[in-house]
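Notes for the structure review
Residue-level listing of the chains:
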Amino acid sequence: MSLLAVENLSVSYDRIRALHGISFTVEEGEIVCIIGANGAGKSTTLRAVSRLVKAEPGSRLRFADKDLLAYGPDRVVSELGISHVPEGRRLFENLTVLENLRLATFARRDTERIEADLRRMFRLFPRLEERRNQKAGTMSGGEQQMLAVARAYMSGRRLMLLDEPSMGLAPLLMMSLFDALRELNAEGTTILLVEQNARLALQFARRGYVMENGRLVLAGEARGLLENPEVRRAYLGG
Amino acid sequence: MTVFLQNLVNALQWGSFYALIAIGYSMVYSILMLFNFAHGDVFMTGAYIGCGIALLLVGLGSAGILVLPGWLVLVLTLLLAMVVTACLGMFIERVGYRPLRDAPRASAAITGLMIGIILETGNLILLGAQRVKFPALIQPVTYELGGVFVTNQKIMIVIVALGLALALHQFIRRTRWGMAMRAMAFDYAVVPLMGVPINRIAALTFALGSGLAAAAGILFGMAYPVLDPYMGIVFGWKSFVAAILGGRGSILGATLAGFLLGFIEIFVAMVFPSTLRDFIAYSIILLILVFRPYGLFGEPYSVRLRL
């Protein structure tokens, strides 16, 4: 049984179809990526899993053998443990670093576990602890991306959805962020990543899907996709 | 000097009403991007509900069933009316605004106007056209300090208004719920991703705002004991001005702007003929806004409305 099983998912915005019945799975413990051009429907896919956009009738989404469509967006996070790092980070810049992390535990009642998770995040990203009482908006782009990941982890750590985490980051910061993500994955967080930076995503993930115009056109082991001539031509610059 | 101080006292009382109503406007606007134009009529309804509760308690007292001291009747009236009006606010949000959450903002704004008219006319149908007299709950005592007259009631009104504003400010600064409200004011679309049930935050926002409006209504009823169904209209509009003047989402801003409005109105009336009061007062505020278009304490927020 897959952790996340998406079947025939269709989504429309104002009657324009963004996803045309896509199907994919994510197994427990995996790192899976979806690559594709801007506007291919990658973010929409994550939004549908987070229940922020409506899936059309006929779509089936199952998570840990539960019907995902029966959950509202906040309960997807608080009850199923699916967290979402949105594109562009979208931190609450008017709140402090610590408040951003605490807000993510709004629905949690496991006080001791919350404190342990908080310590875990501060160990993973020591910069965040240094800046815990600083407003999130005053931090650098790299620190903000760390906070976005840490905040997501605090909200739910069973499956983490990441939307273009590399965007706007210098290569070195990007590498350290992906190292941190790999650590979290090794500790049991399953990761579904969407990226325009196809090379980076395919080097990081175990499996990948290629999305074009709202359809998944290719799937396979990330290593295989890296060597696939079509993928190389279209997404890796030849 | 005594005239000035006397007017200052009056302005503090007058500003208390604006401040309490403005806070509700400001909170709803910042958290839901919504001008709740029914808010002035919620203030009116709160005054009536408070009046009803006060009359009931006074009636029970004179019938000998439940004899309470006046101050306790006042406290109970305030608390009960705030709770009932908070429920009304949540009902308005649930029925009037939630279905329009993603609709154009103009639709939500006219919904507010319509709810306001429904509250006004509903009141007329229920109670008829004659005005209602708010019962006197505390024995008036007048103190004289160097020629300035202050009643115990005025002191009470200002203290209750300031106390409620401060309590709310602390609630928003210090609690988990308040944190969620601040987050929603900054970037509404991302809040569900934190596992926060935004419908409950929206309901809470309406409850708090409506509760404060009810408090304003009762305090107003004590100072000016004649209620009528249209009393909320002008008060609502002026408090709306105070909310904008205070700056989006700022509790302290709305409170200060409410008092500022009270001061400007009272002091303009002190210098100019009272028929010119609003003309001059609101010209001054227009000028302030020209120079501070985000209000006095406007806080930054994300302009992205969806994820």
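From a predicted model like this one, the values you see are computed outputs, not experimental measurements. (Residues numbered from 1 in each chain as written. Chains lettered and ligands numbered in written order. Predicted model: local features only at pLDDT ≥ 70, side-chain atom pairs only at ≥ 80, totals over all residues. Heavy atoms only, no water.)

Scanning chain B for helices and strands turns up 10 helices and four strands. Ordered by position from the N terminus, the helices and strands of chain B form the series α-α-α-α-β-β-β-α-α-α-β-α-α-α. Relative to a compact globule of 307 residues, whose C-alpha radius of gyration would be 19 Å, chain B shows 19 Å and is just as compact. Counting every position in chain B, which comprises 307 residues, the buried fraction comes to 54%. In chain B, the share of contacts with a sequence separation of at least 24, taken over all contacts with a separation of at least 6, comes to 78%. Summing over all exposed atoms, chain B offers an accessible surface of approximately 13,600 Å²; the carbon and sulfur share of this is 74%. Side chains of chain B give 18 positive and 10 negative charges; the mean places of these two sets differ by 9 Å. (Helix = DSSP H or I, 4+ residues; strand = E, 2+ residues; numbered from the N terminus. Rg over C-alpha atoms; globule rule 2.2 N^0.38 Å. Buried < 20%, exposed > 50% of the residue type's maximum accessible area, 1.4 Å probe, protein only. Contact = heavy atoms within 4.5 Å. Areas by Shrake-Rupley, 256 points an atom, 1.4 Å probe, with all protein chains shown as cover. Lys, Arg positive; Asp, Glu negative; His and termini not counted. Charge placed at Lys NZ, Arg CZ, Asp CG, Glu CD.)

Residues and elements named next belong to chain B. In the contact formed by helix α2 (residues 39-62) and helix α3 (residues 70-97), the axes pass within 8 Å of each other and the chain directions differ by 140°. If you check the angle between α2 and α3, you find them oblique. For α2 against α3, the interelement crossing comes out right-handed. When α2 is examined against α3, the residues Val42, Thr45, Gly46, Ile49, Gly50, Ile53, Ala54, Leu57 and Val58 are found in contact with a partner set consisting of Val73, Leu76, Thr77, Leu80, Ala81, Val84, Thr85, Leu88 and Ile92. Of the residues assigned to the contact of α2 with α3, the class counts are 13 nonpolar, five polar and no charged. (Axes fitted to C-alpha atoms, helices over the stretch in contact; angles between N-to-C directions. Parallel < 35°, antiparallel > 145°, perpendicular 65-115°, else oblique. Left-handed = near helix turned anticlockwise from the far one by under 90°. Nonpolar A, V, L, I, M, F, W, Y, C, P; charged D, E, K, R; others polar.)

For the rest of this paragraph, the subject is the packing of aromatic side chains. Under the counting rule described, the total for this entry stands at 26 aromatic pairs over all chains. Geometrically, the ring pair formed by Tyr97 of chain B and Phe206 of chain B is tilted, given 5.5 Å between the ring centres and 35° between the ring planes. You can see Tyr97 of chain B sitting in helix α3 and its partner Phe206 of chain B sitting in helix α7 (residues 198-223), a full 109 residues away along the chain. Accessibility expressed as a relative area gives 4% for Tyr97 of chain B, which makes it buried. Between Phe263 of chain B and Phe267 of chain B, the aromatic rings sit 6.3 Å apart at their centres with planes inclined by 15°, giving stacked as the arrangement. Of this pair, Phe263 of chain B and Phe267 of chain B both sit in helix α9 (residues 251-271), four residues apart, which is roughly one turn of the helix. The exposure class assigned to Phe267 of chain B is buried, which follows from its relative accessible area of 18%. Members of the aromatic cluster, each reached through a chain of ring pairs, are Trp14, Phe17, Tyr18, Phe43, Phe220, Tyr224 and Phe235 of chain B. Above the face of the Phe106 of chain A ring, Arg176 of chain B is positioned so that its terminal group lies 4.6 Å from the ring centre. One Lys or Arg, Arg248 of chain B, reaches over the ring of Tyr29 of chain B and ends 5.7 Å from the middle of that ring. (Phe/Tyr/Trp six-rings, centres within 6.5 Å; stacked < 30°, edge-to-face > 60°. Lys NZ or Arg CZ within 6 Å of the ring centre and 35° of its normal.)

With that settled, consider the interface of chain A and chain B. Tallying the contact residues gives 26 residues for chain A and 22 residues for chain B. For the pairing of chain A and chain B, the buried interface totals around 2,300 Å² over both sides, and the portion due to carbon and sulfur atoms is 65%. It is Arg90, Phe92 and Phe106 of chain A in chain A that bury the most area against chain B; as a group they hold 33% of the surface buried on that side. For the pair chain A and chain B, the interface holds two salt bridges. Across the contact surface, chain A and chain B share four residue pairs in polar contact (both at pLDDT 80 or more). Among the elements of the structure, α2 (73-78), α3 (97-103) and α6 (141-155) of chain A are those that each provide at least two residues to the side of chain A that touches chain B. In terms of residue count, the dominant contributor to the side of chain A that touches chain B is α2 of chain A (four residues). Residues belonging to the side of chain A that touches chain B are distributed by class as follows: 12 nonpolar, six polar and eight charged. (Buried area = accessible area lost by both parts, 1.4 Å probe. Salt bridge = Lys/Arg side-chain N within 4 Å of Asp/Glu carboxyl O. Polar contact = N/O pair within 3.5 Å; in protein donor to acceptor, adjacent residues only side chain to side chain.)

Moving on: the environment of Leu161 of chain A. Residue and element names in this part refer to chain A. Structurally, Leu161 can be placed in strand β7 (residues 159-163). Using a relative accessible area of 0% as the deciding quantity, one classes Leu161 as buried. When the C-alpha positions of Leu161 and Val85 are compared, they lie 6.1 Å apart, and in sequence the two are 76 residues distant.

To continue, consider helix α8 (residues 231-246) of chain B. Residues and elements named next belong to chain B. The terminal C-alpha atoms of α8 lie 23 Å apart, and with 16 residues this matches the ideal 22 Å at 1.5 Å per residue to within 8%. In the core, the buried residues of α8 are packed alongside α1 (2-32), α2, α7, β4 (226-227), α9 and α10 (277-291). Phi turns positive one or two residues past the end of α8, at Gly247, with a value near 105°. (Expected span 1.5 Å × (residues − 1).)

Residue and element names in this part refer to chain A. Across the sheet, which stays open at both edges, the four strands sit in the order β2-β1-β4-β5 with antiparallel pairing between neighbours. With one partner strand each, in any of the chains shown, β2 (16-26) and β5 (66-67) form the two edges of the open sheet. Pairing geometry for strand β1 (residues 4-13) and β2, over seven bridges, is antiparallel. Looking at β2, one finds that Val6 is bridged to Phe24. Packed onto the sheet, helix α1 (residues 42-49) meets β1, β2 and β4 (60-63) and runs at close to 115° relative to β1. (Pairing = 2+ DSSP bridges.)

So, about the pairing of strand β2 (residues 142-145) of chain B. Residue and element names in this part refer to chain B. Summarising the sheet, β2 and strand β3 (residues 148-151) pair through four bridges and their orientation is antiparallel. Directly across from Leu145, in β3, lies its bridge partner Val148. Hairpin connection of β2 to β3: two residues between the antiparallel strands, including Gly146 at a positive phi of 55°.

Counting residues in hydrophobic clusters, the biggest one holds 147 residues, and the most contacted among them are Ile35, Phe92, Leu103, Phe125, Leu128 and Met160 of chain A. Ranked by residues supplied to this core, first place goes to α7 of chain B with 14 residues. With sequence-adjacent residues up to four places away left out, Phe92 of chain A is seen in contact with Asn100, Leu103, Ala136 and Arg151 of chain A together with Ala183, Phe186, Asp187, Val190, Val191 and Met194 of chain B. Counting residues in hydrophobic clusters, the runner-up holds 31 residues, among them Val11, Ala40, Ala55 and Val76 of chain A. (Core = buried A, V, L, I, M, F, W, Y, C linked by side-chain atoms within 4.5 Å.)

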